[in-house]
Amino acid sequence: MTDTTMTGARNRVRSGIHDTALAVEGLTKSYPARRNLLGRIAESVDAVRGVSFEVRRGETLALVGESGAGKSTVGRLALRLIEPTSGSITVLGDDITAIGASDLRKIRTRATMIFQDPFKSLNPRAQIRYSIAEPMLAQGGYSAADRAKRVATLLDRVGLTSHHLERYPYEMSGGQLQRVAIARALVTDPEIVVCDEPVAALDMSIRSHVVNLLRELQEERNLAYLFISHDMSLVRVIADRIAVMKRGELVECEDAAALFANPTQEYTRTLLSAIPASHPSRRTFRPAPS
Ligand code: ADP
Ligand code: MG
């Protein structure tokens, strides 16, 4: 019997217990609006309003939309790096909306994040060895030998060598540092990774290498990605499904192939039309056969 709910290129491993890696329901984040001339807070502004979606295990849900649409806010809310004003967040079957700090630390080993700018997301005063090992130290329960082994394994997997271990961020390129950030994000064996514009800050020439690395790691580890990007030519090759945000709200959430073939929203059509036909990604990135 064919399971017709199984769509998308990588969406084939289903554990049966928690098919959903991440689910958010009615997520809202309000910020106080700027003070007016009388010094009063006139009203609040919703950076994110009533957003609901789920990311299944092993799939990539791309979160797209123009700058300021609320994508990064959703990514941070998903791991409770910032607190929601209302709504709920479920990670791997656990409702994390109201859990305490120690439970949250545990969840953040299973659900991790890669940020846009590795120069800002890695500690400038820490050697690479420490940056990769630090999530294991925070979690506890790993022996020194186990930590060293995991660091070495991941370092090799992301294409760096033991020579890089003693280095500091300023001694490395952006591409190398994003590989370090990827190793750090995966060192505790997470099941979902929130990637916020993970290649946007990198030189064009190395973007495809890092994207391909992310896709290989996803295959090997059955990772789910919430993949935030404003670059539709990149989304086209990496996404199984696409959620479109506009001014804090989700306006469309569709299977990637269906959305590219037939976007129902004018806004989505405008985003898609911004892909230049000659964009190098059309030649460099090759979607894996599904
Ligand atoms: P995106 O990642 O899609 O570019 P963001 O999530 O960064 O969008 O921002 C969404 C909106 O929320 C923007 O209008 C932004 O100015 C606002 N915003 C984000 N963070 C804050 C904050 N700490 N205080 C006030 N407004 C914020
Ligand atoms: Mg952003």
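Residues numbered from 1 in each chain as written. Chains lettered and ligands numbered in written order. Predicted model: local features only at pLDDT ≥ 70, side-chain atom pairs only at ≥ 80, totals over all residues. Heavy atoms only, no water.

Participant: How should I be thinking about the nonpolar core in this particular structure?
Facilitator: What tends to happen in soluble globular proteins is that the nonpolar side chains get buried as a cluster. Among the nonpolar cores identified, the biggest contains 44 residues, and Leu22, Phe53, Val91 and Ile242 are the most heavily contacted of them. Setting aside its immediate chain neighbours within four residues, Phe53 contacts Leu22, Ala23, Val24, Leu61, Val74, Leu226 and Leu250. Ranked by size, the runner-up nonpolar core spans 36 residues in total, among them Met136, Val151, Leu202 and Tyr225. (Core = buried A, V, L, I, M, F, W, Y, C linked by side-chain atoms within 4.5 Å. Buried < 20%, exposed > 50% of the residue type's maximum accessible area, 1.4 Å probe, protein only. Contact = heavy atoms within 4.5 Å.)

Participant: It is not clear to me how the pairing of strand S9 (residues 241–246) should be interpreted in this structure. Could you clarify?
Facilitator: Consecutive side chains along a regular strand alternate between the two faces of the sheet. Among the 6 residues in S9, 5 count as buried, and that is most of the element. Both strand S3 (residues 60–64) and S9 contribute to a ladder of 4 bridges, which runs parallel. By the bridge assignment, Val64 is partnered in S9 with Val244. With 6 bridges connecting them, S9 and strand S10 (residues 249–255) associate as antiparallel partners. Each bridged residue has a counterpart across the sheet, and for Arg241 the counterpart in S10 is Asp255. Counting the residues between successive antiparallel strands, the hairpin from S9 to S10 contains 2 residues, one of them, Arg247, with a positive phi of roughly 45 degrees. (Helix = DSSP H or I, 4+ residues; strand = E, 2+ residues; numbered from the N terminus. Pairing = 2+ DSSP bridges.)

Participant: Where do I start with the pattern of salt bridges in this structure?
Facilitator: Using the criterion set out here, one finds 17 salt bridges in the structure. Across the pair Arg150 and Asp189 runs a salt bridge whose closest N-O atoms are separated by 3.3 Å. Of this pair, Arg150 sits in helix H5 (residues 144–157) while Asp189 sits in the loop between helix H6 (174–186) and strand S7 (192–196), and the two are 39 residues apart along the sequence. Take Arg150: its relative accessible area is 23%, and that puts it in the partly exposed class. (Salt bridge = Lys/Arg side-chain N within 4 Å of Asp/Glu carboxyl O.)

Participant: Is there a simple way to explain the site of ligand 1 in this structure?
Facilitator: Surrounding ligand 1, one finds Tyr31, Ala47, Glu66, Ser67, Gly68, Ala69, Gly70, Lys71, Ser72 and Thr73. The backbone of Gly70 places a nitrogen or oxygen atom 3.0 Å from an oxygen atom of ligand 1. Contact with the protein chains removes 54% of the 560 Å² of surface that ligand 1 exposes when unbound. It is helix H1 (residues 71–78) that provides the largest number of residues to the shell around ligand 1, a total of 3 residues. Here the shell around ligand 1 is composed, by residue class, of 3 nonpolar, 5 polar and 2 charged. (Near = heavy atom within 4 Å. Polar contact = N/O pair within 3.5 Å; in protein donor to acceptor, adjacent residues only side chain to side chain. Areas by Shrake-Rupley, 256 points an atom, 1.4 Å probe, with all protein chains shown as cover. Nonpolar A, V, L, I, M, F, W, Y, C, P; charged D, E, K, R; others polar.)

Participant: Looking at this structure, I do not really get the layout of surface pockets. What am I missing?
Facilitator: Which parts of space are left empty comes out when a probe the size of a water molecule is rolled across the atoms. Each pocket or cavity is described by its volume, and for the largest pocket that value is around 470 Å³. Arg108, Thr112, Met113, Pro135 and Arg184 are, among the 20 residues lining the largest pocket, the residues nearest its centre. (1 Å grid on protein atoms, 1.4 Å probe; cavity = no way out; pocket = protein on both sides within 12 Å on 5 of 7 lines; lining within 4 Å. Points joined across faces, edges and corners; volume = space filled by probe spheres on them.)

Participant: Where do I start with the confidence of the model for the chain in this structure?
Facilitator: Here the chain averages 88 in pLDDT, and 86% of its residues register 70 or above. Across residues 1–16, confidence stays below pLDDT 50; counting only partners more than four residues off in sequence or on other chains, it has 28 contacts. For residues 280–290, every residue scores under 50 in pLDDT, and the model assigns this stretch 18 contacts once sequence neighbours within four places are set aside. (pLDDT = per-residue confidence, 0-100.)

Participant: Would you take a moment to explain the packing of helix H4 (residues 128–139) against H6 for this structure?
Facilitator: Axis angle and axis distance: for two packed helices, these are the angle between their axes and the distance between the axes, and together they describe the pair. Their axes nearest at 8 Å, the elements H4 and H6 cross at an angle of 30 degrees. In terms of axis orientation, H4 runs roughly parallel to H6. Facing H4, whose interface residues are Ile128, Ser131, Ile132, Glu134 and Pro135, H6 presents Leu177, Val180, Ala183 and Arg184. In terms of residue class, the contact of H4 with H6 is made up of 6 nonpolar, 1 polar and 2 charged. (Axes fitted to C-alpha atoms, helices over the stretch in contact; angles between N-to-C directions. Parallel < 35°, antiparallel > 145°, perpendicular 65-115°, else oblique.)

Participant: Would you mind going over the sheet that holds strand S8 (residues 224–228) with me for this structure?
Facilitator: Pairing between sheet strands relies on hydrogen bonds along the backbone, with the strands arranged either parallel or antiparallel. Here 6 strands make up an open sheet; going across it, the order is S6-S7-S8-S3-S9-S10 and the pairing mixed. Every interior strand has two partners, whereas the edge strands, strand S6 (111–114) and S10, have only one. Neighbour to neighbour, the strand axes of the sheet diverge by 15 degrees on average, direction disregarded. Bridge count for S6 against S7 is 4 bridges, and the pairing is parallel. Pairing of Ala111 across the sheet is with Ile192, part of S7. Across the face of the sheet, helix H2 (residues 101–110) comes into contact with S6 and S7 while running at roughly 65 degrees to S6.

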